Amino acid sequence: MSFELKQLYQGFRDADTVLSLAEQIKAIAPQLPEPLKVMEVCGGHTHTIMKYGLKQLLPENIDFIHGPGCPVCVMPKERIDHAAALACQPNVILVTLGDMIRVPGSKGSLAQYRAKGCDIRPIYDPLDCLAIATENPDKEVVFFAIGFETSTPMTAVLVELAEQRQINNLYFHINHVLVPPAVDAVMADPGVKVNAFIGPSHVSVIEGAKIYRPLVDKYNTPVVVAGFEPVDVMESILRITKQKIAGEPELDVQYTRAVTEEGNMIAQQAVKRCFDVRDSFRWRGLGPIANSALKLNAAYQHRDAEIIFADCLPMTPIDDHKACQCGDILRGLAKPQDCKVFGRGCTPQTPLGSCMVSSEGACNAYFRYRGV
């Protein structure tokens, strides 16, 4: 492992530093003008908070609210049904990222379809699609692409490489979604009490911290872009607390070892070359959100699985199981333990909702780290 990679986390799990930050927060928290409700948008932050017991180190007037920053969790059932319908086609190999295979659609998960004989291949590197398509020239290979701004550039690179190498049997079902419109949708709900944000760091590495500045201005709330280690999160809470006490909300980057204001311009240009913004996309738990997702642009429509396989794709929106509260959890209106089936009918082995499936899901984090 290189020295540069170690710099991203070395020293940022130090217990004494975490406890020192907790004491500084406790010392100034009584000056807060109102209870601090911090939404950590990214599921990676949720897992850090739960794994290291950070909530227990904070005073009662500071709480975490879990946001919709888990790409698997926000995928609606009808999109998963799209993947299942594609996999059921006689000449198709469906390829998708690992967590996606266990998320329940309306008629089962992709893992269940795979057990029935469908050729579904979970991967962790999207570029594996090139080899799969090359090795199976008589098959139609469909990459079911998911993720926020973090993973979108890799799909763009994959699209361009498939075109350059003339791999004509590789198609794309695009489900890439965008963070800022989702946060806007959360804040539009009058029931949400969020008054500060921990900004997603991986998204910010690609898009730059600048994408959160409109949130600061529109909602008059602090946004601190934080790294994923416990020291990162606690330092960000300290910075947010100081902003709230001063009454001066700002965009702040705590994760300066990886995040800049402008982001990765090369990655951003790759995305612009391949994708357009959709007019609307339906999010699990949040409903339709305008301009919140991407699609292949006109230059690549000959690879768009939603066009090529349109006749076999179901179009009816499908809601979650009535007992599942993933929607409320993703909107910051409930915690996992508020759900009646949490840890009972819904577990990582038998998930009813997407928040229990993904390694970034809030329910998964609560189940894993609270001794359920």
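Within each chain, residues carry numbers counting from 1 in the order of the written sequence. The predicted origin of the model limits local features to residues at a pLDDT of at least 70 and limits the giving and counting of side-chain atom pairs to 80 or more, whereas totals for whole chains, interfaces and linings rest on all residues. Only heavy atoms go into the side-chain values, all of them from the structure, while hydrogens and water stay out.

> What is the right way to read the overall build of the protein from this model?
A helix here means a DSSP run of H or I that spans at least four residues, while a strand means a run of E at least two residues long, and both kinds are numbered starting from the N terminus. Looking only at helices and strands, the protein has 16 helices and 13 strands in total. Between the two quantities, the radius of gyration covers C-alpha atoms and the globule rule is 2.2 Å times the number of residues to the power 0.38. By the compact-globule yardstick of 21 Å for 372 residues, the protein fits well, its C-alpha radius of gyration being 21 Å. The principal-axis extent of the C-alpha atoms belonging to the protein is close to 65 × 45 × 40 Å. Here, two residues are considered to be in contact whenever any of their heavy atoms come within 4.5 Å of each other. Here the contacts in the protein between residues at least 6 apart in sequence split such that 77% fall between residues at least 24 apart. Only the protein chains shown count as cover for residues, and the accessible areas themselves come from Shrake-Rupley with a 1.4 Å probe. For the protein, the exposed area adds up to about 15800 Å²; of that, 51% sits on carbon and sulfur atoms. A positive count includes Lys and Arg, and a negative count includes Asp and Glu. His and the chain ends are not counted in either. Taken as the charge centre is NZ of Lys, CZ of Arg, CG of Asp or CD of Glu, depending on the residue. Placing the 37 positive and 42 negative side-chain charges of the protein at their respective mean positions leaves the two points 5 Å apart.

> Looking at this structure, how should I read the sheet that holds strand β8 (residues 223-225)?
Pairing between sheet strands relies on hydrogen bonds along the backbone, with the strands arranged either parallel or antiparallel. A strand pair is defined by DSSP finding two or more bridges across the two strands. Spatial ordering of the open sheet is given by β2-β1-β7-β8-β9, a layout of 5 strands whose pairing is parallel. Sheet topology places β2 (62-69) and β9 (251-253) at the edges, where each strand pairs with a single neighbour. Between one strand axis and the next, the sheet turns through 20 degrees on average, direction left out of account. As defined by bridge partners, strand β1 (residues 36-42) adjoins strand β7 (residues 196-199) across 3 bridges and the pair is classed as parallel. If you follow Met39 over to β7, its bridge partner there is Phe197. Running over the sheet, helix α3 (residues 43-51) touches β1, β2 and β7 and is turned about 120 degrees from β1. Fitted lines through C-alpha atoms give the axes, limited to the stretch in contact for helices. The angle between two N-to-C directions lies from 0 to 180 degrees.

> Please explain the pairing of β1 as it appears in this structure.
Each regular strand displays side chains that alternate between the two surfaces of the sheet. Of all 7 residues in β1, 6 are buried; the element is thus mostly enclosed. Pairing between β1 and β2: 6 bridges, direction parallel. Counterpart to Lys37 in the pairing with β2 is Asp63. The cut-offs for exposure are 20% and 50% of the maximum accessible area for each residue type, with area from a 1.4 Å probe on protein chains only; residues under the lower value are buried, those over the upper are exposed, and the others partly exposed.

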